[in-house]
Amino acid sequence: MRQGLEHYRRLREPNQSGCWTLLERLHLIFQREASEMAYTLQDFIRETHELVIEDALKRDPDAILKRLDPEQRLKGLDPEQRLKCLDPAIIEAWLAKQRRDQ
């Protein structure tokens, strides 16, 4: 591994192919790796997933949100946070409808 890192040369222009981007990322990871700490394939996959998600969110967060159903989008928000996003008139209309239906 060390010999490969020491003799590594970029063979193509960056962003020409996803493979070269991947190899560049692996090269940078192994360059910074501490000898007493192993960097596992699981670590690489986890970090790569995180980077892909971050990049997707930067590019088009609305596209990500459209893929989630309403329950997933609201998961983790307390009721007060949910209500803050609604127009008070909508809340009043919903409450009035609930009172009528009961």
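On a plain count of helices and strands, the protein comes out with seven helices and zero strands. Starting at the N terminus and ending at the C terminus, the protein contains elements arranged as α-α-α-α-α-α-α. Looking at the protein as a whole, 8% of its 102 residues qualify as buried. Counting contacts in the protein only where the partners sit at least 6 residues apart, residues at least 24 apart contribute 17% of the total.

The first and last C-alpha atoms of helix 7 (residues 88-101) sit 20 Å apart over 14 residues, in line with the 20 Å expected at 1.5 Å per residue. Between a side-chain oxygen at the N-terminus of helix 7 and the backbone nitrogen of A89 the separation is 2.9 Å; the capping residue is D87.

The full count for this structure, using the stated rule, is four salt bridges. A salt bridge links D43 to R46, with the nearest nitrogen and oxygen atoms 3.6 Å apart. Here D43 pairs with R46, and both are found in helix 3 (residues 41-59), just three residues apart, close to one helical turn. Of the charged contacts in the structure, one is a salt bridge between R46 and E50, with a shortest N-O distance of 3.7 Å. With R46 and E50 both in helix 3 and four residues apart, this pair spans about one turn of that helix. For R46, a relative accessible area of 41% corresponds to the partly exposed category. Several salt bridges share partner residues, and in doing so they unite D43, R46 and E50 into one network.

For the rest of this paragraph, the subject is the confidence of the model for the protein. Across the protein, the average pLDDT comes to 80, with 76% of residues at or above 70. Across the protein, helix 7 holds the top mean pLDDT of 93, while helix 1 (residues 2-6) sits lowest at 59.

Rules used in this analysis
- Residues numbered from 1 in each chain as written.
- Predicted model: local features only at pLDDT ≥ 70, side-chain atom pairs only at ≥ 80, totals over all residues.
- Heavy atoms only, no water.
- Helix = DSSP H or I, 4+ residues; strand = E, 2+ residues; numbered from the N terminus.
- Buried < 20%, exposed > 50% of the residue type's maximum accessible area, 1.4 Å probe, protein only.
- Contact = heavy atoms within 4.5 Å.
- Expected span 1.5 Å × (residues − 1).
- Polar contact = N/O pair within 3.5 Å; in protein donor to acceptor, adjacent residues only side chain to side chain.
- Salt bridge = Lys/Arg side-chain N within 4 Å of Asp/Glu carboxyl O.
- pLDDT = per-residue confidence, 0-100.

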